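# Observations on chain architecture
Residues per chain are reported as follows:
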Amino acid sequence: MSTLRAAIIPVTPFQQNCTIVFDEETKHGVVIDPGGDLDQIGAAIDELGLTIDTILLTHGHIDHAAGADQLREGLGVEIVGPHEADKPLLDNLEKQGAVYGIAGARNVTPDRWLNEGDSVEIAGHAFEVLHCPGHSPGSVVFVNKQARFAIVGDVLFRGSIGRTDLFGGDFDALAKSIREKLFPLGDDVNFLCGHGPGGSIGEERRTNPFVGENAQGIA
(Lines give C-alpha, C1' and ligand atoms only; values in the text may rest on other atoms or scores of the structure.)
Protein backbone atom coordinates (compact mmCIF):
# COMPACT_ATOMS: atom_id res chain seq x y z
CA MET A 1 0.00 0.00 0.00
CA SER A 2 1.32 3.44 -0.91
CA THR A 3 1.66 6.00 1.84
CA LEU A 4 -0.87 8.64 2.78
CA ARG A 5 0.38 12.03 3.90
CA ALA A 6 -1.40 14.93 5.52
CA ALA A 7 -0.92 18.67 5.20
CA ILE A 8 -2.66 20.80 7.83
CA ILE A 9 -3.67 24.39 7.12
CA PRO A 10 -5.09 26.27 10.14
CA VAL A 11 -7.99 28.39 8.87
CA THR A 12 -10.48 30.96 10.18
CA PRO A 13 -10.11 32.88 13.46
CA PHE A 14 -10.82 29.55 15.19
CA GLN A 15 -7.57 28.05 13.79
CA GLN A 16 -9.39 25.00 12.52
CA ASN A 17 -7.21 22.26 11.02
CA CYS A 18 -8.26 22.08 7.39
CA THR A 19 -6.50 18.87 6.40
CA ILE A 20 -5.40 17.74 2.96
CA VAL A 21 -4.84 13.98 2.95
CA PHE A 22 -3.11 12.65 -0.15
CA ASP A 23 -1.25 9.72 -1.63
CA GLU A 24 2.38 10.75 -2.05
CA GLU A 25 2.81 8.56 -5.14
CA THR A 26 -0.31 9.36 -7.15
CA LYS A 27 -0.65 12.94 -5.87
CA HIS A 28 -4.41 12.48 -5.53
CA GLY A 29 -6.13 13.53 -2.33
CA VAL A 30 -9.05 15.11 -0.52
CA VAL A 31 -9.64 18.33 1.37
CA ILE A 32 -11.25 17.82 4.77
CA ASP A 33 -13.17 20.65 6.45
CA PRO A 34 -12.39 23.77 4.36
CA GLY A 35 -13.83 26.30 6.79
CA GLY A 36 -12.36 29.36 5.08
CA ASP A 37 -9.13 31.04 3.94
CA LEU A 38 -9.44 29.30 0.59
CA ASP A 39 -6.43 31.16 -0.79
CA GLN A 40 -4.23 29.38 1.73
CA ILE A 41 -5.83 26.02 0.96
CA GLY A 42 -5.39 26.57 -2.77
CA ALA A 43 -1.76 27.57 -2.32
CA ALA A 44 -1.08 24.35 -0.39
CA ILE A 45 -2.74 22.25 -3.09
CA ASP A 46 -0.63 23.92 -5.77
CA GLU A 47 2.60 23.68 -3.79
CA LEU A 48 2.08 19.96 -3.25
CA GLY A 49 1.09 19.44 -6.90
CA LEU A 50 -2.12 17.62 -5.99
CA THR A 51 -5.28 16.64 -7.79
CA ILE A 52 -8.19 16.91 -5.35
CA ASP A 53 -10.88 14.27 -5.83
CA THR A 54 -13.37 15.12 -3.08
CA ILE A 55 -14.18 17.50 -0.25
CA LEU A 56 -15.05 15.72 3.00
CA LEU A 57 -16.88 17.32 5.93
CA THR A 58 -16.67 15.90 9.43
CA HIS A 59 -19.50 18.14 10.68
CA GLY A 60 -21.41 21.32 9.97
CA HIS A 61 -19.87 23.99 12.20
CA ILE A 62 -18.85 27.18 10.46
CA ASP A 63 -15.09 26.85 10.99
CA HIS A 64 -15.21 23.45 9.26
CA ALA A 65 -17.72 23.99 6.46
CA ALA A 66 -18.11 27.67 5.54
CA GLY A 67 -15.76 27.50 2.55
CA ALA A 68 -16.89 24.14 1.22
CA ASP A 69 -19.38 25.36 -1.37
CA GLN A 70 -16.97 27.88 -2.88
CA LEU A 71 -14.17 25.30 -2.96
CA ARG A 72 -16.50 22.77 -4.62
CA GLU A 73 -17.25 25.38 -7.27
CA GLY A 74 -13.59 26.12 -7.82
CA LEU A 75 -12.36 22.53 -7.96
CA GLY A 76 -15.36 20.93 -9.66
CA VAL A 77 -15.57 18.09 -7.14
CA GLU A 78 -18.24 16.68 -4.84
CA ILE A 79 -18.77 17.36 -1.16
CA VAL A 80 -19.28 14.21 0.91
CA GLY A 81 -20.50 14.21 4.51
CA PRO A 82 -21.33 14.78 7.24
CA HIS A 83 -24.40 12.92 8.55
CA GLU A 84 -27.71 14.54 7.58
CA ALA A 85 -28.41 15.42 11.21
CA ASP A 86 -26.13 18.43 10.67
CA LYS A 87 -28.31 19.84 7.88
CA PRO A 88 -29.65 22.68 10.12
CA LEU A 89 -26.07 23.80 10.72
CA LEU A 90 -25.14 23.72 7.03
CA ASP A 91 -28.32 25.59 6.12
CA ASN A 92 -27.33 28.50 8.39
CA LEU A 93 -23.64 29.02 7.63
CA GLU A 94 -24.22 32.44 6.09
CA LYS A 95 -25.97 33.69 9.22
CA GLN A 96 -23.23 32.24 11.40
CA GLY A 97 -20.60 33.87 9.21
CA ALA A 98 -22.13 37.26 9.93
CA VAL A 99 -22.08 36.54 13.66
CA TYR A 100 -18.48 35.31 13.79
CA GLY A 101 -16.99 37.61 11.17
CA ILE A 102 -16.11 34.88 8.67
CA ALA A 103 -16.35 36.54 5.27
CA GLY A 104 -17.70 34.57 2.32
CA ALA A 105 -19.45 31.87 4.33
CA ARG A 106 -21.95 30.01 2.18
CA ASN A 107 -24.75 27.64 3.08
CA VAL A 108 -24.00 24.23 1.64
CA THR A 109 -25.76 20.97 0.81
CA PRO A 110 -23.43 18.00 0.35
CA ASP A 111 -23.64 15.86 -2.76
CA ARG A 112 -23.77 12.84 -0.47
CA TRP A 113 -24.69 12.46 3.20
CA LEU A 114 -22.91 9.80 5.25
CA ASN A 115 -24.22 7.15 7.63
CA GLU A 116 -22.67 4.70 10.07
CA GLY A 117 -20.92 1.93 8.15
CA ASP A 118 -20.53 3.85 4.90
CA SER A 119 -17.08 4.25 3.41
CA VAL A 120 -15.24 7.07 1.70
CA GLU A 121 -12.22 6.85 -0.56
CA ILE A 122 -9.13 8.94 -0.01
CA ALA A 123 -6.73 8.54 -2.93
CA GLY A 124 -7.64 4.88 -3.36
CA HIS A 125 -7.62 4.11 0.36
CA ALA A 126 -10.93 3.11 1.94
CA PHE A 127 -11.98 4.78 5.19
CA GLU A 128 -14.89 3.52 7.26
CA VAL A 129 -17.43 6.09 8.44
CA LEU A 130 -18.47 6.23 12.10
CA HIS A 131 -21.39 8.45 13.08
CA CYS A 132 -20.27 10.04 16.36
CA PRO A 133 -22.87 12.53 17.60
CA GLY A 134 -22.36 14.73 20.64
CA HIS A 135 -20.25 17.67 19.51
CA SER A 136 -22.83 18.10 16.78
CA PRO A 137 -25.71 15.79 15.85
CA GLY A 138 -24.14 14.77 12.54
CA SER A 139 -20.44 14.50 13.34
CA VAL A 140 -18.61 11.69 11.54
CA VAL A 141 -15.18 10.12 11.91
CA PHE A 142 -13.13 8.51 9.13
CA VAL A 143 -11.10 5.40 10.01
CA ASN A 144 -8.59 3.35 8.06
CA LYS A 145 -8.05 0.29 10.23
CA GLN A 146 -5.26 -1.11 8.07
CA ALA A 147 -3.21 2.07 8.42
CA ARG A 148 -4.25 2.47 12.10
CA PHE A 149 -5.28 6.04 11.38
CA ALA A 150 -8.41 8.13 12.00
CA ILE A 151 -9.64 11.61 11.22
CA VAL A 152 -11.92 12.60 14.09
CA GLY A 153 -12.95 16.23 13.50
CA ASP A 154 -13.98 17.82 16.79
CA VAL A 155 -15.16 14.61 18.45
CA LEU A 156 -11.88 14.02 20.30
CA PHE A 157 -8.78 16.12 20.92
CA ARG A 158 -5.45 15.46 22.55
CA GLY A 159 -6.31 15.85 26.21
CA SER A 160 -9.83 17.10 25.58
CA ILE A 161 -13.11 16.56 23.73
CA GLY A 162 -15.36 18.62 21.49
CA ARG A 163 -17.46 21.27 23.20
CA THR A 164 -21.11 20.39 23.75
CA ASP A 165 -22.62 23.79 24.53
CA LEU A 166 -23.44 24.64 20.91
CA PHE A 167 -26.59 23.79 18.92
CA GLY A 168 -27.30 20.08 19.13
CA GLY A 169 -24.44 19.38 21.54
CA ASP A 170 -24.86 16.55 24.02
CA PHE A 171 -22.12 15.58 26.46
CA ASP A 172 -23.54 12.14 27.23
CA ALA A 173 -23.87 11.34 23.53
CA LEU A 174 -20.31 12.51 22.88
CA ALA A 175 -18.86 10.45 25.73
CA LYS A 176 -20.75 7.42 24.41
CA SER A 177 -19.47 8.00 20.88
CA ILE A 178 -15.87 8.16 22.07
CA ARG A 179 -16.04 5.25 24.47
CA GLU A 180 -18.10 2.90 22.32
CA LYS A 181 -16.78 3.74 18.84
CA LEU A 182 -13.33 5.33 19.08
CA PHE A 183 -11.69 3.64 22.05
CA PRO A 184 -12.44 0.13 20.70
CA LEU A 185 -10.48 0.94 17.54
CA GLY A 186 -7.31 0.15 19.48
CA ASP A 187 -4.65 1.98 21.47
CA ASP A 188 -2.28 2.06 18.49
CA VAL A 189 -4.61 4.09 16.29
CA ASN A 190 -3.34 7.62 15.72
CA PHE A 191 -5.69 10.46 14.92
CA LEU A 192 -5.82 13.93 13.46
CA CYS A 193 -8.38 16.31 14.90
CA GLY A 194 -10.02 19.61 14.09
CA HIS A 195 -7.95 21.83 16.40
CA GLY A 196 -4.50 21.47 17.86
CA PRO A 197 -2.14 18.51 17.60
CA GLY A 198 -3.21 14.95 16.90
CA GLY A 199 -2.76 12.06 19.28
CA SER A 200 -3.36 8.38 19.89
CA ILE A 201 -6.45 6.51 21.00
CA GLY A 202 -4.46 4.75 23.70
CA GLU A 203 -3.23 7.94 25.30
CA GLU A 204 -6.74 9.40 25.38
CA ARG A 205 -8.24 6.20 26.74
CA ARG A 206 -5.75 6.24 29.59
CA THR A 207 -5.49 9.94 30.40
CA ASN A 208 -8.27 12.03 28.84
CA PRO A 209 -9.78 13.99 31.77
CA PHE A 210 -13.30 13.90 30.31
CA VAL A 211 -13.68 10.37 28.94
CA GLY A 212 -10.54 8.46 29.92
CA GLU A 213 -10.47 5.52 32.28
CA ASN A 214 -9.78 7.77 35.27
CA ALA A 215 -12.29 10.50 34.39
CA GLN A 216 -14.33 11.56 37.40
CA GLY A 217 -18.06 12.06 37.66
CA ILE A 218 -18.96 10.66 34.25
CA ALA A 219 -21.45 7.83 33.93
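Along each chain, residues carry numbers from 1 onward, in the same order as the chain's sequence is written. For this predicted model, a pLDDT threshold of at least 70 governs which residues receive local features, and a threshold of 80 or more governs which side-chain atom pairs are given and counted, while totals over whole chains, interfaces and linings are taken from all residues. Derived side-chain values reflect all non-hydrogen atoms in the structure, with water molecules and hydrogen atoms excluded from consideration.

### A few points about empty space enclosed by the protein
Here a cavity is any set of points on a 1 Å grid over the protein atoms alone where a 1.4 Å probe fits but cannot get out, and a pocket is any open set with protein on both sides within 12 Å along at least 5 of 7 lines; a residue lines the site when it has an atom within 4 Å of a point. Grid points are joined across faces, edges and corners, and a volume is the space filled by probe spheres set on the points. Taken as a whole, this structure holds one cavity of 30 Å³ or more when the rule is applied. Empty space within the largest cavity amounts to approximately 60 Å³. For the largest cavity, the full set of lining residues is Gln-16, Asn-17, Thr-19, Ile-32, Asp-33, Thr-58, Ile-151, Gly-153, Leu-192, Cys-193 and Gly-194. Sorting elements by how many residues they give to the lining of the largest cavity places strand E2 (residues 16-23) first, with three residues. Amino acids outside the nonpolar list (Ala, Val, Leu, Ile, Met, Phe, Trp, Tyr, Cys, Pro) and the charged list (Asp, Glu, Lys, Arg) are all regarded as polar, and Gly is one of them. In terms of residue class, the lining of the largest cavity is made up of four nonpolar, six polar and one charged. Secondary structure elements are taken from DSSP: a helix is a run of H or I of four residues or more, a strand is a run of E of two residues or more, and numbering for both begins at the N terminus.

### Notes on the sheet that holds strand E4 (residues 51-56)
Hydrogen bonds between backbone groups are what pair the strands of a sheet, and the pairing can be parallel or antiparallel. Taken in spatial order, the five strands make up an open sheet running E1-E2-E3-E4-E5, and their pairing is mixed. Unpaired on one side and paired on the other, strand E1 (4-11) and strand E5 (78-80) mark the two borders of the sheet. Averaged over all pairs of adjacent strands, the angle between their axes in this sheet comes to 30°, without regard to strand direction. DSSP bridges decide pairing: two strands pair if at least two such bridges lie between them. As paired elements, E1 and E2 share eight bridges and run antiparallel to each other. Considered in E2, the bridge of Ala-7 is made with Ile-20. Every residue pair with non-hydrogen atoms within 4.5 Å of one another is taken to be in contact. Only the stretch in contact is used when fitting a helix axis, every axis being a line fitted to C-alpha atoms; angles between N-to-C directions are given from 0 to 180 degrees. In the packing of helix H3 (residues 68-75) onto the sheet, the strands contacted are strand E3 (28-32), E4 and E5, and the crossing angle to E4 comes to about 155°.

### Examining the state of the cysteines
Throughout, disulfides are identified as pairs of cysteine sulfur atoms within 2.5 Å of each other. Counting across every chain of the model gives zero disulfides. The thiol sulfur of Cys-18 is not disulfide-bonded, and the nearest other cysteine sulfur, from Cys-193, lies at 14 Å. The cut-offs for exposure are 20% and 50% of the maximum accessible area for each residue type, with area from a 1.4 Å probe on protein chains only; residues under the lower value are buried, those over the upper are exposed, and the others partly exposed. The buried category is assigned to Cys-18, whose relative accessible area is 0%. Free of any disulfide, Cys-132 has its nearest cysteine sulfur in Cys-193, 14 Å distant.

### Quick look at the packing of aromatic side chains
Aromatic contacts are taken between Phe, Tyr and Trp rings whose centres are within 6.5 Å, Trp giving its six-membered ring; a plane angle under 30 degrees counts as stacked, one over 60 as edge-to-face, and the others as tilted. By the definition in use, this model includes two aromatic pairs. Pairing Phe-14 with Tyr-100 gives two aromatic rings, centres 5.5 Å apart and planes at 70°, and the pair type is edge-to-face. In this pair, Phe-14 is assigned in the loop between E1 and E2 and Tyr-100 in helix H5 (residues 93-100), connecting sequence segments 86 residues apart. For Phe-14, a relative accessible area of 35% puts it in the partly exposed group. Of the residues examined, Tyr-100 reaches a relative accessible area of 39% and is grouped as partly exposed. With 6.1 Å between their ring centres and 85° between their planes, Phe-127 and Phe-149 make a pair best called edge-to-face. On the criterion of sequence distance, the pair formed by Phe-127 in strand E7 (residues 125-131) and Phe-149 in strand E9 (residues 149-151) is long-range, its members being 22 residues apart. The pair Phe-127 / Phe-149 is uniform in exposure class, with both members buried.

### Structural notes on the side chain of Asp-86
With respect to the element layout, Asp-86 can be found in the loop between E5 and helix H4 (87-90). By the counting rule applied here, Lys and Arg register as positive and Asp and Glu as negative, while His and the ends of each chain are not counted. In what follows, salt bridge is the name for a side-chain nitrogen of Lys or Arg lying within 4 Å of a carboxyl oxygen of Asp or Glu. Despite its burial, Asp-86 pairs with no opposite charge, the nearest such side chain being Lys-87 at 12 Å. Apart from the residues within four sequence positions on either side, Asp-86 is in contact with His-59, Gly-60, Ser-136, Pro-137, Gly-138 and Ser-139.

### Quick word on the layout of surface pockets
Roughly 420 Å³ of internal volume is contained in the largest pocket. Along its surface, the largest pocket is lined by 20 residues, and His-61, Ile-62, Asp-63, Tyr-100 and Leu-166 are the ones closest to its centre. At the level of elements, helix H2 (62-65), H4 and H5 are the ones that each hand at least two residues to the lining of the largest pocket.

### Some remarks on unusual backbone geometry
Residue Pro-82 follows Gly-81 across a cis peptide bond; omega there is 0°. With respect to the element layout, Pro-82 can be found in the loop between E5 and H4. For Asp-37, which is not glycine, the phi dihedral falls at a positive 50°. Among the secondary structure elements, Asp-37 is positioned in the loop between E3 and helix H1 (38-48). Despite not being glycine, Ala-123 shows a phi value in the positive range, around 50°. Relative to the helices and strands, Ala-123 is located in the loop between strand E6 (119-122) and E7. The exposure class of Ala-123 is buried, given its relative accessible area of 13%.

Any functional reading would require information that these geometric values do not contain.
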